[in-house]
Amino acid sequence: MNALDLKLMRDLWRMRGQALAIALVLAAATATFVLSMGVHRSLTETRDAYYARNHFADVFASMTRAPRAIIDRIAAVPGVSRAEGTIQQYATLDFPDRNVPVRALINSVDEFGRDRLNQVTLREGSMPRPGEAEEIVIDEAFANANELGPGDTIEALIYGTRQQLRIVGVGLAPNYIYALAPGELVPDNNRFGIFWMGEKALEAATDRTEAINHLSLTLDAGASEADVIRRVDTILAPYGGSGAFGREDHFSNAFLENELMQLDAMTQVIPPVFLLVSTFLVYIVLSRMIRTERTQIGLVKAFGYSNWSVGWHYLKFALVIAVLATALGSAAGIWMGRAMTGLYAEYYRFPFLYFRISPAVFLGAAALSVGAASLGALGGMQSAVRLTPAVAMSPPPPPVYRAGFVERFGQAAGFSAIGHMIVRHIARWPGRSAITVLGVALSMALLFATMQFLDSTRTMLDSYFFRAQRQDMSVSFIEARNKDVLFELSQIPGVLRVEPTRAVAVKISHGNKTERSAIESAMTGSQLSARIDSDGSEIDLPSAGLMLSRQLADKLDVRAGDKVSVEMLGGRRTKTMMPVARIVDEFIGDRAYAADTTLETIARDAAPVGAALLRIDPAARDRILTELKDMPIVLGVTERDASMQKFEEVINDNIFTMLFFYISFASAIAVGVVYNSARILFSERVHELATLRVLGYHRSEVGVVLLGELALLVVLSVPFGCFIGYWMAQLMTAMFSSDLFRLPFAPSRASYGWSAVVVLIAAMLTALVVARRVLGLDMVRVLKARE
């Protein structure tokens, strides 16, 4: 070990606090990178392995009823590698101790154990056996939520017939990683489950002997999905086909892809903030170190060390910090990644989900840390390399003080002597002061950008659940009904108002762009449903034509006044040209709306009631639910308050976990910036502070000189933090939005306030650590030290 390496070790130990503070900021960047990349990789690899092992299909299609022989015709379509037909049937479950209807989607499976698409993975028990009509397998999430397992029995209403079912197994399937009941936004495993029943048993239960209502396909490599879907739709049209679709439109897969997209956004937005701050910190610390070590640099060069050796010495100082940051950040990223993976495992049902990180992720994290530290070290290295021994060993020119704007402003404002010292020093080092303000502002901006997601979710909840959905219950039916069902529901004691609604699956085309969507209708003068624009205004349904959500209109490149082609998927498969009467900005989904009379014109089936909205007397809730559960035409009941509570639970679990992480990250930035600024200020002004003590200033007054400057810089950073946070939050909101939902940007004053409070507390506690040095200042030692 040569002399420069020994000096490096002494420097690192002497400046261990500042080095650790910089390492914490770099570690935050590393942790975010490891967290997001690790979780993204874990989810992606688990998904791909699961899809491949269990043969997740590429294309899906549903129809009302088709003969099983249709499978061979579909399999003969060019590009189709494999085709399989199944039966899917909703059922209402009867739990004696509950009055809330519980639903299940029953899927047919091969009883002989042959390899099938969307293969079920057994977690417990066995698959249904041939000839055992009552045997079923239930999904793991439903089993855990309802404390069910092999040997338990459930009474179900299937296709109008009550049947006793016996659970023989618990399983998972790749097409139900994220399982949602119709009309729900988040999974409710207490009220909805996925079941699998033997093929022959479900045929008999649904009166579909040698018939199917669902198809799954895999495609040949290089096959055109669009061409296959077009041919499949043509074949299935006579059988009530509702339109084939690919993986990207599969509901379960779409939610998983949305989560992966958000992890990508996290990687693109968060780490650059930390890397920028750490680069500035390394630059400030090394520049200060080199200024104080001018004489040592001159002596080292005079003894024969080359410019390269001196530059490499200071670069190694930055690299050691980067290596420490990589180790700390990787450890923190692994811990946070495991916590996030555990959270995802509660909502995305895989047979296995482990947090795995490849060496490439650690190498990438190390490269980011080393790159940021090296970039920050370049400025200081250049000044050290350029110093000649003669110049380095001569004292630097003293600073020039003159009465300028700051001096005149201080006099006009009546500043005390200490106040003059504070503002004069800030003005003397404007660049460094600006970096301190920027660093603290970025920490506040990052925290605000995260906290405003709470405001976004509250706004979305208020718009979607409170203002748009005014009903107490939504009752869905097995199939669309005529208006007689409204009268039947209104006769239930405790039901105060009933309104019809319906959603019809359609394909909307404009030019060469086509999108699958649903047209939703409501009665004219509806009191139980509304369309709320992003600015909070209520929008009436057009008397003619369609109203499209902003997301759907953007996909179709449509503006108000344009005409679109509307093809009904299923039913009569009507095709109509309709004008777009209005565009509405919404937060959830990409949907279309029409008046009930307009939708009846499209459907032409004399069944305008797909579901009913109910306002009820809360005292009669249990009795109403009991009566609805006994009605064979009812598929399910959704309570608005229960759905809202479940939605809040899911959102809060995710956001509060991320909020904890980002409070830690923002505090790391504030600590790193304030601590380094305080230590540099103290090292520069220690002689002045000791002189002030000798002249009779009290310890508290001397402390104000140091802490006052820090406090002024931190306070100045608050408005900048609000400004930067506003735009950073806008960017993050846009990047985290997707086709499934669009987050509103609606920050509250409380978010600004709490962001400032957290950063100010972190800065204050950090400054107090340095203040201890001022209080314990050894005046004799400092004043005897050579400048």
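Above this text is the structure in question.
The paragraphs below set out a description of the structure included in this document.

**Overview of the pattern of salt bridges**
Part 1 of the reasoning: Overall, the coordinates contain 33 salt bridges when judged by the stated rule.
Part 2 of the reasoning: A salt bridge links Arg-68 to Glu-199; its shortest N-O distance comes to 3.6 Å. With Arg-68 in the loop between strand 1 (59-67) and helix 3 (70-75) and Glu-199 in helix 5 (residues 199-205), this residue pair connects regions lying 131 residues apart in the sequence.
Part 3 of the reasoning: On the basis of relative accessibility, which here comes to 10%, the residue Glu-199 falls in the buried class.
Part 4 of the reasoning: Notably, a salt bridge pairs Arg-82 with Glu-84, separated by 2.8 Å at the nearest N-O pair.
Part 5 of the reasoning: Taking the relative accessible area as the measure of exposure, Arg-82 reaches 26% and is therefore partly exposed.

**What to know about the nonpolar core**
Part 1 of the reasoning: Leu-43, Phe-274, Tyr-314, Phe-317, Tyr-348 and Phe-665 are the most contacted members of the largest nonpolar core, which totals 128 residues.
Part 2 of the reasoning: It is helix 7 (residues 251-292) that contributes the most residues to this core, 19 residues altogether.
Part 3 of the reasoning: Beyond its immediate chain neighbours, meaning those up to four positions away, Leu-43 contacts Leu-256, Leu-260, Leu-263, Tyr-344, Phe-350 and Leu-353.

**Points about the side chain of Thr-206**
Part 1 of the reasoning: Summarising the element assignment, Thr-206 is placed in the loop between helix 5 and strand 10 (211-219).
Part 2 of the reasoning: Setting aside anything within four residues of it in sequence, one finds Thr-206 in contact with Ile-87, Gln-89, Ile-158 and Tyr-159.

**Brief notes about helix 6 (residues 225-236)**
Part 1 of the reasoning: With twelve residues, helix 6 ought to run about 16 Å at 1.5 Å a step, and its terminal C-alpha atoms sit 16 Å apart, in line with that.
Part 2 of the reasoning: Taken residue by residue, helix 6 has Val-228, Ile-229, Val-232, Asp-233, Ile-235 and Leu-236 as its buried positions. Buried residues along helix 6 cover an arc of 160° about the axis, so they all sit on one side. Set apart from the buried face of helix 6 by more than 90 degrees, the exposed residues are Ala-226 and Thr-234.
Part 3 of the reasoning: Against the buried residues of helix 6 lie strand 1, helix 3, strand 2 (80-86), strand 10, strand 11 (245-246) and strand 13 (495-510).

**Some thoughts on the packing of aromatic side chains**
Part 1 of the reasoning: Going through the model one piece at a time under the given rule, you end up with 15 aromatic pairs.
Part 2 of the reasoning: With centroids separated by 6.0 Å and ring planes inclined at 65°, the aromatic side chains of Tyr-50 and Phe-350 adopt a geometry described as edge-to-face. Of this pair, Tyr-50 sits in helix 2 (residues 16-53) while Phe-350 sits in the loop between helix 9 (307-347) and helix 10 (359-386), and the two are 300 residues apart along the sequence.
Part 3 of the reasoning: On the accessibility criterion, Phe-350 (7% relative accessible area) is buried.
Part 4 of the reasoning: For the pair Phe-56 and Phe-60, a centre-to-centre distance of 5.4 Å together with 45° between the ring planes defines the contact as tilted.
Part 5 of the reasoning: Exposure remark for Phe-56: the relative accessible area of 2% places this residue in the buried category.
Part 6 of the reasoning: Put simply, the rings of Tyr-178, Phe-251, Phe-255, Tyr-344 and Tyr-348 pair up and form one aromatic cluster.
Part 7 of the reasoning: One cation-aromatic arrangement involves Arg-16 over Trp-13; the distance from NZ or CZ to the ring centre is 4.1 Å.

**Observations concerning unusual backbone geometry**
Part 1 of the reasoning: The backbone of Glu-147 shows a phi angle near 55°, a positive value even though the residue is not glycine.
Part 2 of the reasoning: Position of Glu-147 among the secondary structure elements: in the loop between helix 4 (140-146) and strand 7 (153-158).
Part 3 of the reasoning: Overall, the relative accessible area of 72% leaves Glu-147 in the exposed class.
Part 4 of the reasoning: For Asp-557, which is not glycine, the phi dihedral falls at a positive 55°.

**Considerations on the environment of Asp-58**
Part 1 of the reasoning: Tracing the sequence through the fold places Asp-58 in the loop between helix 2 and strand 1.
Part 2 of the reasoning: Discounting chain neighbours no more than four positions away, the residues touching Asp-58 are Leu-217, Thr-218, Leu-219, Glu-225, Phe-245, Gly-246 and Arg-247.
Part 3 of the reasoning: Within polar-contact distance, the side chain of Asp-58 engages the backbone nitrogen of Leu-219 at 2.9 Å.

**What to know about the packing of helix 7 against helix 9**
Describing two packed helices takes the angle between their axes plus the distance from one axis to the other.
Part 1 of the reasoning: Here helix 7 crosses helix 9 at 155°, and the two axes come no closer than 12 Å. Classed by the angle they form, the pair helix 7 and helix 9 counts as roughly antiparallel. Of the two possible hands of crossing, helix 7 and helix 9 adopt the one that is right-handed. The segment helix 7 lies against helix 9, with Glu-259, Leu-263, Val-282, Val-285, Leu-286, Met-289 and Ile-290 engaging Tyr-314, Phe-317, Ala-318 and Tyr-344.
Part 2 of the reasoning: Here the residues of the contact of helix 7 with helix 9 sort into ten nonpolar, no polar and one charged.

**Observations concerning a nonpolar patch on the surface**
Part 1 of the reasoning: A surface patch of nonpolar side chains, amounting to about 590 Å² of accessible area, comprises Trp-754, Val-757, Ile-761, Met-764, Leu-765 and Leu-768.
Part 2 of the reasoning: Tracing the chain through its elements places Met-764 in helix 21 (residues 749-775).

**Brief notes about the pairing of strand 8 (residues 161-172)**
Put simply, side chains in a regular strand alternate between the two faces of the sheet.
Part 1 of the reasoning: Pairing between strand 5 (residues 121-125) and strand 8: four bridges, direction antiparallel. Paired with Glu-124 across the two strands is Val-170, which belongs to strand 8.
Part 2 of the reasoning: In this structure, strand 6 (residues 135-139) lies alongside strand 8, joined through five bridges in parallel fashion. Looking at strand 8, one finds that Asp-139 is bridged to Gly-171.
Part 3 of the reasoning: Relative to strand 8, strand 7 is paired through six bridges, and the arrangement is antiparallel. Residue pairing across strands places Glu-155 opposite Gln-164, the latter belonging to strand 8.

**Re the pairing of strand 3 (residues 88-94)**
Part 1 of the reasoning: Within strand 3, five of the seven residues are buried, leaving the element largely enclosed by the surrounding structure.
Part 2 of the reasoning: Looking at chain direction, strand 3 and strand 4 (residues 102-109) are connected through six bridges and run antiparallel. Of the residues in strand 4, the one forming a bridge with Ala-91 is Ala-104.
Part 3 of the reasoning: As paired strands, strand 3 and strand 7 are joined by four bridges and run antiparallel to one another. Within the sheet, the bridge partner assigned to Asp-94 lies in strand 7 and is Glu-155.

**Quick notes on the side chain of Asn-253**
Part 1 of the reasoning: With respect to the helices, strands and loops of the structure, Asn-253 is situated in helix 7.
Part 2 of the reasoning: When neighbours within four sequence positions are excluded, Asn-253 is seen to be in contact with Arg-47, Tyr-51, Arg-247 and Glu-248.

**Some points on the environment of Thr-153**
Part 1 of the reasoning: With respect to the secondary-structure elements, Thr-153 resides in strand 7.
Part 2 of the reasoning: Residue classification places Thr-153 among the partly exposed residues on the basis of a relative accessible area of 45%.
Part 3 of the reasoning: The residues touching Thr-153, leaving out its near neighbours within four places in the chain, are Gln-164, Leu-165 and Arg-166.
Part 4 of the reasoning: In terms of polar contacts, Thr-153 uses its side chain to reach the side chain of Gln-164, at 3.4 Å.

What counts and what doesn't
Residues numbered from 1 in each chain as written. Predicted model: local features only at pLDDT ≥ 70, side-chain atom pairs only at ≥ 80, totals over all residues. Heavy atoms only, no water. Salt bridge = Lys/Arg side-chain N within 4 Å of Asp/Glu carboxyl O. Helix = DSSP H or I, 4+ residues; strand = E, 2+ residues; numbered from the N terminus. Buried < 20%, exposed > 50% of the residue type's maximum accessible area, 1.4 Å probe, protein only. Core = buried A, V, L, I, M, F, W, Y, C linked by side-chain atoms within 4.5 Å. Contact = heavy atoms within 4.5 Å. Expected span 1.5 Å × (residues − 1). Arc of directions from axis to C-beta. Phe/Tyr/Trp six-rings, centres within 6.5 Å; stacked < 30°, edge-to-face > 60°. Lys NZ or Arg CZ within 6 Å of the ring centre and 35° of its normal. Polar contact = N/O pair within 3.5 Å; in protein donor to acceptor, adjacent residues only side chain to side chain. Axes fitted to C-alpha atoms, helices over the stretch in contact; angles between N-to-C directions. Parallel < 35°, antiparallel > 145°, perpendicular 65-115°, else oblique. Left-handed = near helix turned anticlockwise from the far one by under 90°. Nonpolar A, V, L, I, M, F, W, Y, C, P; charged D, E, K, R; others polar. Patch = residues over 30% accessible without salt bridge, like charges linked within 9 Å, V, L, I, M, F, W, Y side chains within 5 Å. Areas by Shrake-Rupley, 256 points an atom, 1.4 Å probe, with all protein chains shown as cover. Pairing = 2+ DSSP bridges.

Treat this as a map of the structure, not an account of what it does.
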